[in-house]
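What follows is each chain in one-letter form.
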Amino acid sequence: MPEVAPEPAPPPRPATEARRAPVLWVATAVLAGYILAAILPETPPKILAGLAGFFAAGAMVVALRASLTGFRERKICAAWGAAFLIAGTLLAWAWQEVRVPLPSTDWARLPEREATLTLRVTRNFSQKAGSDYAGGLAEVVAAPTVLAELEERNVLFRVRVRAGETPPARGTSIEVTGVLSYLPNIAPNPADPSSEDAARFRAYMHAQGAWFELTRGRVTKKVAPASSWQNWLAAQHEHIEALLRHGPVAWENKYGGIYTALLLGEPSLLDANQREAFTVSGEIYLFAISGLHVGVLAAALWWLLRKIPGLPHVLGEAFTLGVAWLYVEIAGGTPSARRTALMLTFYLLARWFGRARSPLAAIVAAGVATLIVDPLALGNSGFELSFGVVLGLILYAPLLRWAVRTRWRPWRDVPAESYAPWQKCVVWLWDRLMDLVVTSWTAVLCSSALTAEFFGVFSAHVLVLNLIFFPLTCAALWAGAIAVVAGLVGFPPLTWLAWLANAAGLGVVGLMQKIANLAPPLPGLFMHLQIEPARAGSFAALAVLVAMLLAQPKERPPRWWYFALPVGILTGFAVFTVRVA
């Protein structure tokens, strides 16, 4: 009797251990506490802390009782969980009230006035070419007695920069005289499209803790220079920008701004046409240093280090982590880039200390740490977008990729050992294409509600464009990294390699611009939206992530309804809260 060939095994299911994260309990309490602080009237922190202590004591008593029964009684465990969550929520609420006190309501009734403040620059905004003003965020170090409430608060500033002068560097303390004004919330005017941008900018400033603006400023005195570290970072930024400008002159003049903006996160280097093309195509996010940039470069560096014989993995990982943090700081130290480096740090720390390498645990721990240090990050568009998309890629994308490979892979009923060479190539290309499709689709599910809320736009063609722009962006980042490393060495053969790498990078970003220019003529793919009520997009995105987490099947392959559930949530969000502007 002829032997029956064994049925080919399906691709292995993603490990459930990689998605375990006990710190989710803490994250839930922190989120609940911050949300209550935002929607309820101001409450004395001492009262909240006292109530938190009461429930924490109750949780300890219940935990002691549960330990005597071996944690077998569900009611006791549920009581402990409820007491823990209530205590954590109240404690986070109290911390929000202490850490981020709102300004007095009297400020809204006071007129603009001239003021002299001592500021420490914490963040510089990109300065447009030819502009006489530079701006950013700063912390008020000293203020007159009548303005003492401003001390230790953030303020939005704009100062005049004369020809030949450089804007105040990050970390510099300066004395500025200008016009001080309060930044209240404003409602957008449907008849004025520019009011939408103004309202979103105000909301963004409030999320940074900046309720005041100092404009038409002039620097009267430099109180303290930036630290040696900050000066060194600024010098390296200029050096790297010069290395990236070493390429074919014709391409450099045409695409150099896009190339440098992509590598260093400077969207001000884009001209008006380039900015419009990438905005309408939904790809303007590529010009802010984020998890994509840090992750691609760190993964490439770690792959190269693994090829070095005898190099311990710990040393390679530590070097990769150090380079990632250095790149983040040289590129401006933006919050989104630092969050990505923090995620990588938590992930590697878990690996080094022998804990389970759970990407979910790493990102949740990074998110909790960020929110404890800066509670205002919860209302920041970059925070919500970056963490939302990464969580979706951890929770949802592996299961969708597994389902696609199990059901729609070519020759899935044929053992892989019997594939012909051309079949192996087809399967490999199919898997890579499906990886891109799954990644793009997941990113759209997790970001579309937030993009509609924070930016008032929706790009239907972003799903297809991501399939094209993601590999092109990776190629441009790799080309730029090669050019910088070769240029830093300075040896003539490597200098030529730097020129060739920059030529390749410029050619890639030139192709990206041409593709972006083709997107606007397609009708109905780009819409301006209005969301009512406020924060509906954030709650819709949170509902999508909760569904992705709680509805995961334990054993059997996911059913169709699991993958359709986020689509249903977003459909309800679009029907009940979104209207075309």
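Reading guide: rules and limits
- Residues numbered from 1 in each chain as written.
- Predicted model: local features only at pLDDT ≥ 70, side-chain atom pairs only at ≥ 80, totals over all residues.
- Heavy atoms only, no water.
- Helix = DSSP H or I, 4+ residues; strand = E, 2+ residues; numbered from the N terminus.
- Buried < 20%, exposed > 50% of the residue type's maximum accessible area, 1.4 Å probe, protein only.
- Contact = heavy atoms within 4.5 Å.
- Areas by Shrake-Rupley, 256 points an atom, 1.4 Å probe, with all protein chains shown as cover.
- Phe/Tyr/Trp six-rings, centres within 6.5 Å; stacked < 30°, edge-to-face > 60°.
- Patch = residues over 30% accessible without salt bridge, like charges linked within 9 Å, V, L, I, M, F, W, Y side chains within 5 Å.
- Salt bridge = Lys/Arg side-chain N within 4 Å of Asp/Glu carboxyl O.
- 1 Å grid on protein atoms, 1.4 Å probe; cavity = no way out; pocket = protein on both sides within 12 Å on 5 of 7 lines; lining within 4 Å.
- Points joined across faces, edges and corners; volume = space filled by probe spheres on them.
- Bend = angle between axes of the 7 residues up to and from the residue.
- Nonpolar A, V, L, I, M, F, W, Y, C, P; charged D, E, K, R; others polar.
- Expected span 1.5 Å × (residues − 1).
- pLDDT = per-residue confidence, 0-100.
- Pairing = 2+ DSSP bridges.
- Axes fitted to C-alpha atoms, helices over the stretch in contact; angles between N-to-C directions.
- Parallel < 35°, antiparallel > 145°, perpendicular 65-115°, else oblique.

**Observations concerning the overall build of the protein chain**
Helices and strands together make up the secondary structure of the protein chain, namely 18 helices and eight strands. Buried residues in the protein chain amount to 44% of all 581 residues. A separation of at least 24 residues holds for 75% of the contacts in the protein chain among residues at least 6 apart in sequence. Carbon and sulfur atoms make up 67% of the accessible area of the protein chain, which totals about 30800 Å².

**A closer look at the packing of aromatic side chains**
For the structure on display, the rule yields 14 aromatic pairs. Taken together, a centroid distance of 5.8 Å and an interplanar angle of 55° make the contact between W25 and W80 tilted. Residue W25 is located in helix α1 (residues 24-39), and its partner W80 is located in helix α3 (residues 74-99); the two are separated by 55 residues in the primary sequence. On the accessibility criterion, W25 (40% relative accessible area) is partly exposed. Classification of W80 by relative accessible area gives partly exposed; the value is 30%. A network of ring pairs unites the aromatic residues W25, W80 and F84 as a single cluster.

**Let's talk about a nonpolar patch on the surface**
A cluster of nonpolar side chains, F539, L542, V546, L549 and L550, forms an exposed patch at the surface whose accessible area comes to about 440 Å². With respect to the element layout, L550 can be found in helix α17 (residues 536-550). Assessed through its relative accessible area of 66%, L550 is described here as exposed.

**Observations regarding empty space enclosed by the protein**
Counted under the stated rule, the structure contains one cavity of 30 Å³ or more. Taken as a whole, the largest cavity holds about 40 Å³ of empty space. Along the walls of the largest cavity sit W107, L110, P111, R113, L180, S181, Y182 and F212, which together make up its complete lining. Of all the elements, strand β4 (residues 173-182) adds the most residues to the lining of the largest cavity, at three residues.

**Details of helix α6 (residues 249-264)**
Its maximal kink placed at Y255, α6 deviates by approximately 70°. Structurally, α6 contributes buried residues whose contacts are with α5 (228-244), α7 (272-280), α8 (291-305), α9 (313-330), α15 (462-489) and α16 (492-518). Among the residues trailing α6, G265 stands out with phi positive, at a value near 65°.

**Here's the deal with the layout of surface pockets**
Taken as a whole, the second largest pocket holds about 1200 Å³ of empty space. Lining the second largest pocket are 38 residues, with R99, N154, Q208, V373 and D374 sitting closest to its centre. Elements with a contribution of two residues or more to the lining of the second largest pocket: α3, β1 (113-124), β2 (133-142), α9, α10 (335-352) and α11 (359-373). Residues belonging to the lining of the second largest pocket are distributed by class as follows: 16 nonpolar, 11 polar and 11 charged.

**With respect to helix α12 (residues 381-395)**
A rise of 1.5 Å per residue sets the reference length of α12, with its 15 residues, at 21 Å; its end C-alpha atoms lie 21 Å apart and thus fit the reference within 8%. Where burial is concerned, most of α12 is hidden: 12 out of the 15 residues are buried.

**A short note on unusual backbone geometry**
Non-glycine residue E152 carries a positive phi angle of around 70°. For E152, the position within the fold is in the loop between β2 and β3 (154-160). Its identity is not glycine, yet R216 carries a phi of approximately 50°, on the positive side. A residue is classified by how much of its surface remains accessible, and R216, at 53% relative accessible area, is exposed.

**Concerning the pattern of salt bridges**
As enumerated under the stated definition, the model contains 11 salt bridges in all. E329 is the partner of R170 in a salt bridge, and the nearest nitrogen-oxygen pair spans 3.6 Å. Taken together, the residues span a long stretch of sequence, with R170 in the loop between β3 and β4 and E329 in helix α9 at a distance of 159 residues. The exposure classification of R170 matches that of E329, with both residues buried.

**Digging into the confidence of the model for the protein chain**
For the protein chain, per-residue confidence averages 81 on the pLDDT scale, and residues scoring 70 or more make up 89% of the total. In the predicted structure, residues 1-9 sits below a pLDDT of 50 and forms four contacts with residues beyond four places in sequence or in another chain.

**Here's the deal with the pairing of β4**
Judged by how many residues are buried, β4 sits mostly within the fold: nine of 10 residues are covered. As judged from the eight bridges shared by β1 and β4, these two strands associate in the antiparallel manner. Paired with R113 across the strands is L180, a residue of β4. As paired strands, β4 and strand β5 (residues 210-224) are joined by nine bridges and run antiparallel to one another. In the strand pairing of β5, I174 is matched with K222.

**Describing the packing of α5 against α15**
For the pair α5 and α15, the least separation of the axes is 9 Å and the interaxial angle reads 110°. Between α5 and α15, the crossing angle belongs to the class labelled roughly perpendicular. Contacts from H239, I240, L243 and L244 in α5 reach G480, V484, G487 and L488 in α15. Across the contact of α5 with α15, the residue classes tally to five nonpolar, three polar and no charged.

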